[in-house]
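Remarks on the overall topology
As a plain string of letters, each chain reads:
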Amino acid sequence: MLTAPSEVSDPMIAAIIKRLEAGKSVRRKLPSGGYLHLDRQMPFLLIYRRPYREASPATEHMLRGEASYLIIDGRRRLNKNAVTLVSAIGESLSKSFGAFLIVEIWSDQAQDFAEISPDFRPAFRILAQRSDAVSSTSLALKRALSRIRVQRTQAVVTLTESNKPWAPGLPRLVPAAQARRIGCHYLGIGIRPVYQDTGTGEAFPLIQRVLHRGLGRAIRRAVFKFTRDQTTHRPPHYHALGPRSLVKLVWKVDRELAGITEGFDFLLSVTPINAIESWNAFKRSRFGKAPRFVYRPLPVDPALVKRQLYRIPIEKIEDPALEALFRAQRMEIERKLTMLSDRGSSRFLYGSLQLYGRVEEQLLETAMYILENVPVRRKRGPATRQLNAVEFAARAEAEISYYRKQDARVWSRVEIRDDVMGILVSKGNLLINSRQKVPENRVESLLAHEIGTHVLTYFNGRAQPFCQLYAGLPDYEELQEGIAVLAEYLTGGLTGQRLRMLAARVLAAHMITQGAGFTEVFRELDDTHGFAQQTAYNISLRIFRGGGLLKDMVYLRGLMRVLEYLGNGGAFEPLLLGKFGADHLHIIHELQWRNVLSVPPLTPSYLDKPKVAARLKEVYRGITLQDLVKRT
């Protein structure tokens, strides 16, 4: 373990500059707990000078997780060393980029903040050099900081001209003559310390987390503007100015979270193993007695796994984007573990509501529109050939072979089993019920759904550095199922009967949350909406499994949201990078701009077909679910 040096010496500075100019990263401990982090050559440096008597770890933490920052002791007697270090870094980087920007932050007790209420409302005071006070960089910073909100209160931001745009009471870090010669510019940001009690020093971690992410994003936007306007560097996006290299702790947390996720299969654990027997018993009761479901034994003790889960040190991760992802993942895993503990009880439904939410009014209206406007059955025509489980498995194997040619790391298996319902993908493998029948006109679309979406995104996720992208980030099911059902439409297999099935699942989910029992839901589907009795039973079983699993409503909701996303100009291919939710798409994009994530190796086989390309163009132009209903 490296120990901090007693002083910032000339040999140390020379070694730092040598590494920097060689294109290497710099992570160096400095005297008195200081730290220098340079991810790579960048035309800026963020600085926090720690006050001697009023140290603020929370303020200092605001810079951690950025690509280029310096935390240093602010005592005057050490200023000479700080000047030498910062001047050398500025000199080196200005040679590469033609200009250099210093952004210094500090905890500000400005009198201007005293009149701002409530006490937790964020506020910032920007100090800019007179020549830069109305520059595009300063204005970009002001606009970006103004977007920050804490507990529904918007940040107050002032921009002031100053001939000392750095922490009050401290000297400048680059001599004026040198700053003019190398094109070094200053911006100072005084931060109202709403993330801690100024009287007791007690921290408010949730507010601190919001400010950390918001401030980092605002600074990147400002630096992006400075870089594009005043340097030779041309980053494609402000997120491209974020860090690319990640510390070992990130990979450790990622592996440990994935290890917990892989320790149990949530969907299999809440799926009955007596589906056929319970159907026969339900028939014998003339559909009057709700079936009793039996589940496979749990492979884990949820309480012990939770203990393990909360030992993972997510709070030590400095990168705010990754910390947000990992925190959300931990919360979702914890909820699923609670649901496993509550399996078979009335409490299970409450966990399901937390995980998937309620059926929104618009979603229910859309489902009812489908049920009322799509005929129960098409006119009689030639009987459609049905593939059995073995025949469908052979087609699936051929489809997987196509992807294995794209990437030899695709090791997916096809298994025919008695203990699963229908067809599903689990950990990259395709599981088929031994009694499954698939209409021949649905084979291509079902392969696009299960293999071209679920298997493909599993292995695309495995090709990325983060395990969570194949294990599945929070709320990934909705986006996954939306893409998968869209794939059915693109391949021409989204029939009216399939839409009715998805709509019936939404109706069943709504009914269970309103207190309806199994037989009531079954009779509503059978008597009112004309579903075959076994189909009505299967829909009801899927919703009532575990005690009330609302997952099935996300198919239709996911399709609606994917159609909206693509119709508003969103790109289709990035959705296939791995298993993540729509709410995390902006973080996925950020990590792509930072070159943390790579281009996925697999693309769906169906995208090469002319009819699919034509349908996808229609989707990009904007179509609704009601439009799809009219075409069935």
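To start, this report covers the structure provided alongside it. Position numbers for residues count from 1 along each chain, tracking the sequence in the order it is written. Only residues with pLDDT of at least 70 are given local features in this predicted model, and only at 80 or more are side-chain atom pairs given and counted; all residues enter the totals for whole chains, interfaces and linings. Excluded from the side-chain calculation are hydrogens and water; included are all heavy atoms of the structure.

Some remarks on empty space enclosed by the protein
Cut-off, in case you're wondering: Using protein atoms alone on a 1 Å grid, points that fit a 1.4 Å probe yet trap it form a cavity, whereas open point sets bounded by protein on both sides within 12 Å along at least five of seven lines form a pocket; residues with an atom within 4 Å of a point count as lining. Grid points are joined across faces, edges and corners, and a volume is the space filled by probe spheres set on the points. Strands here are runs of E lasting at least two residues and helices are runs of H or I lasting at least four, both read from the DSSP assignment and numbered beginning at the N terminus.
A complete count under the given rule lists 4 cavities of 30 Å³ or more for this structure. What lines the largest cavity is Val8, Pro31, Ile72, Asp73, Leu78, Asn81 and Ala82. Only β4 (68-73) and α3 (79-97) provide two or more residues apiece to the lining of the largest cavity.

Quick notes on helix α9 (residues 275-284)
Using the following cut-off: Using a 1.4 Å probe on the protein chains alone, a residue whose accessible area is under 20% of its type maximum counts as buried, one over 50% counts as exposed, and one in between counts as partly exposed. Starting at the helix axis, one direction is taken to each C-beta atom, and the arc is that of these directions. Note on definitions: a residue-residue contact is assigned when non-hydrogen atoms from the two residues lie within 4.5 Å.
By the burial criterion, the buried members of α9 are Ala275, Ser278, Trp279 and Phe282. What you see down the axis of α9 is that its buried residues fit within an arc of 105°, all on one side. For α9, the elements touching its buried residues are α19 (518-528) and α20 (533-544). Immediately downstream of α9, the backbone of Arg286 shows phi near 55°, a positive value.

With respect to a positive patch on the surface
As a reminder, the rule being used: Two joining distances apply to patches: 9 Å for like charges and 5 Å for nonpolar side chains (Val, Leu, Ile, Met, Phe, Trp, Tyr), and every residue must have over 30% relative accessible area and no salt bridge. Areas reported as accessible are Shrake-Rupley estimates using a 1.4 Å probe. Residue values count occlusion only from the protein chains shown. One speaks of a salt bridge when a side-chain nitrogen belonging to Lys or Arg is within 4 Å of a carboxyl oxygen belonging to Asp or Glu. Positive: Lys, Arg. Negative: Asp, Glu. His and the chain ends are not part of the count. Charge positions are represented by NZ for Lys, CZ for Arg, CG for Asp and CD for Glu.
On the surface, a cluster of positive charge is made up of Arg143, Arg147, Lys225, Arg228 and Arg234. Relative to the helices and strands, Arg234 resides in the loop between α6 (205-230) and α7 (248-261). Residue classification places Arg234 among the partly exposed positions, given a relative accessible area of 47%.

Some details on the sheet that holds strand β12 (residues 414-417)
Note on sheets: strands pair through backbone hydrogen bonds, and any given pair is parallel or antiparallel. The condition that has to hold: Strand pairing is assigned whenever DSSP identifies at least 2 bridges connecting the two strands. Working convention: axes come from line fits to C-alpha atoms, limited for helices to the stretch in contact. Angles between N-to-C directions cover 0 to 180 degrees.
Spatial strand order, β12-β14-β13: 3 strands in an open sheet with mixed pairing. The sheet is open, and its two borders are formed by β12 and β13 (423-426), each paired with just one other strand. In this sheet, adjacent strand axes meet at a mean angle of 25° when their direction is disregarded. Judged from the 4 bridges that link them, β13 and strand β14 (residues 429-433) form a sheet pairing that is antiparallel. Note on β14: the bridge partner recorded for Ser426 is Asn429. Lying on the sheet, helix α14 (residues 389-406) is in contact with β12, β13 and β14; it crosses β12 at an angle near 165°. Lying on the sheet, helix α15 (residues 443-462) is in contact with β13 and β14; it crosses β13 at an angle near 10°.

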